[in-house]
Amino acid sequence: MPGFSLKGYSVLEASNYSAIEAMRDGRKIEIRALKPEDQAGLIAAVRRSSAQSLYRRFFGLKRNFSDQEIAYFLNVDFVNHVALVAVIEADGKPVIAGGGRYVVHEPGKAEIAFAVVDEYQGQGIGRALMRHLTAIAREAGLQEFTAEVLPDNTSMLKVFEKSGLRLHIQREPQVFHVALQL
Ligand SMILES: CC(C)(COP(=O)(O)OP(=O)(O)OC[C@H]1O[C@@H](n2cnc3c(N)ncnc32)[C@H](O)[C@@H]1OP(=O)(O)O)[C@@H](O)C(=O)NCCC(=O)NCCS
């Protein structure tokens, strides 16, 4: 079955995306496309996340999701909604340690967001997800990532600053509006 082609890039490829990265402690991690069968793994990742991490990701204390919200997070089309997960092996089983996604909100522009489970934060997973989402977005011909970040979210801002992309931050007291040129 041929993939839908957008500027020479096959969506079938994005939906089969897989790359191996090393975490800072040397452990291997797979960065791969989110799959419909990841529902249980995603819910488990949310359960293992702290209140602060969930607040920073969802701008509110969100631990339970409706069926509709779960369907939204899982039904990615890899064109207007691209989602990657970072999978680590723990006790011989694959475990979702984090994820990143972008959603196109106007032609050429996509909002990007990440969540890494607390015990795996600071290991370079956020930066790796950013790198791979950037590669996919560039191949798809997108021009800009946008993000809403809470002002005290130093690690997210650091991931953006170190992405190598041209960065503009509009600072408001409650939220920073970030724009990154792809
Ligand atoms: C933001 C987040 C995605 C970053 O992912 P991560 O895997 O922890 O990030 P990385 O390990 O790639 O590290 C990014 C940088 O932030 C730094 N960092 C991590 N925690 C930090 C902190 N509390 N203060 C300052 N810097 C910090 C890291 O040292 C690293 O910088 P370095 O490369 O100079 O060492 C992750 O922390 C997270 O999921 N947070 C909760 C949810 C969230 O905030 N989502 C963002 C919504 S837009």
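Look up: the structure comes first, before these words.
Thoughts on the overall build of the protein chain
- A tally of helices and strands in the protein chain yields 6 helices and 10 strands.
- Radius of gyration (C-alpha) of the protein chain: 16 Å, near the 16 Å computed for a compact globule of 182 residues.
- Reported as C-alpha extents along the three principal axes, the dimensions of the protein chain are approximately 45 × 40 × 35 Å.
- The buried share of the protein chain, taken over its 182 residues, is 45%.
- Considering only residue pairs separated by 6 or more positions, the protein chain has 56% of its internal contacts joining residues 24 or more positions apart.
- For the protein chain, the accessible area works out to roughly 10,000 Å², and carbon and sulfur atoms hold 51% of it.

Things to note about the site of the ligand
- Taken together, 21 residues lie near the ligand, and Val 116, Gly 124, Gly 126, Asn 153 and Lys 162 sit nearest.
- Phe 114 is positioned such that a nitrogen or oxygen atom in its backbone is 2.8 Å from a nitrogen atom of the ligand.
- Surface burial for the ligand is 81%, taken as the share of its 950 Å² of free accessible area covered by protein chains.
- Mapped onto the shell around the ligand, the elements with two or more residues apiece are helix 3 (51–58), strand 7 (109–116), helix 5 (125–139) and helix 6 (154–161).
- Looking at the shell around the ligand element by element, the count peaks at 5 residues for helix 6.

Quick word on the sheet that holds strand 8 (residues 144–149)
- One open sheet holds the 8 strands; their spatial order is 3-4-5-6-7-8-10-9, and the pairing between them is mixed. Every interior strand has two partners, whereas the edge strands, strand 3 (18–22) and strand 9 (166–171), have only one. Neighbour-to-neighbour, the strand axes of this sheet turn through a mean angle of 25°, independent of strand direction.
- When strand 7 meets strand 8, the two strands line up parallel, connected through 3 bridges.

Structural notes on the pattern of salt bridges
- Taken as a whole, this structure holds 7 salt bridges when the rule is applied.
- Between Arg 56 and Asp 152 there is a salt bridge, with the nearest N and O atoms lying 3.8 Å from each other. Taken together, the residues Arg 56 in helix 3 and Asp 152 in the loop between strand 8 and helix 6 connect sequence positions 96 residues apart.
- The exposure class assigned to Arg 56 is partly exposed, which follows from its relative accessible area of 22%.

Considering helix 5
- Across its 15 residues, helix 5 extends 21 Å between first and last C-alpha, which sits within 8% of the 21 Å expected from 1.5 Å per residue.
- Those residues of helix 5 that fall on the buried side of the exposure criterion are Ile 125, Gly 126, Ala 128, Leu 129, Met 130, His 132, Leu 133, Thr 134, Ile 136 and Ala 137.
- One or two residues past the end of helix 5 sits Gly 141, with phi positive at roughly 85°.

Details of a positive patch on the surface
- A contiguous patch of positive charge, built from Arg 24, Arg 127, Lys 158 and Lys 162, is present on the exposed surface.
- Counting through the fold element by element, Lys 162 comes out in the loop between helix 6 and strand 9.

Digging into the environment of Pro 107
- With respect to the secondary-structure elements, Pro 107 resides in the loop between strand 6 (93–106) and strand 7.
- With 44 residues separating them in the primary sequence, Pro 107 and Arg 63 have C-alpha atoms 32 Å apart.

A short note on the nonpolar core
- Membership of the largest hydrophobic core comes to 51 residues, with the highest contact counts inside it found for Tyr 102, Ile 112, Ile 125, Met 130, Phe 145 and Phe 160.
- Non-local contacts of Ile 125, meaning those with residues more than four positions away in its chain, are made with Met 23, Ile 29, Ala 86, Ala 97, Val 116 and Tyr 120.

Definitions and cut-offs
Residues numbered from 1 in each chain as written. Predicted model: local features only at pLDDT ≥ 70, side-chain atom pairs only at ≥ 80, totals over all residues. Heavy atoms only, no water. Helix = DSSP H or I, 4+ residues; strand = E, 2+ residues; numbered from the N terminus. Rg over C-alpha atoms; globule rule 2.2 N^0.38 Å. Buried < 20%, exposed > 50% of the residue type's maximum accessible area, 1.4 Å probe, protein only. Contact = heavy atoms within 4.5 Å. Areas by Shrake-Rupley, 256 points an atom, 1.4 Å probe, with all protein chains shown as cover. Near = heavy atom within 4 Å. Polar contact = N/O pair within 3.5 Å; in protein donor to acceptor, adjacent residues only side chain to side chain. Pairing = 2+ DSSP bridges. Axes fitted to C-alpha atoms, helices over the stretch in contact; angles between N-to-C directions. Salt bridge = Lys/Arg side-chain N within 4 Å of Asp/Glu carboxyl O. Expected span 1.5 Å × (residues − 1). Patch = residues over 30% accessible without salt bridge, like charges linked within 9 Å, V, L, I, M, F, W, Y side chains within 5 Å. Lys, Arg positive; Asp, Glu negative; His and termini not counted. Charge placed at Lys NZ, Arg CZ, Asp CG, Glu CD. Core = buried A, V, L, I, M, F, W, Y, C linked by side-chain atoms within 4.5 Å.

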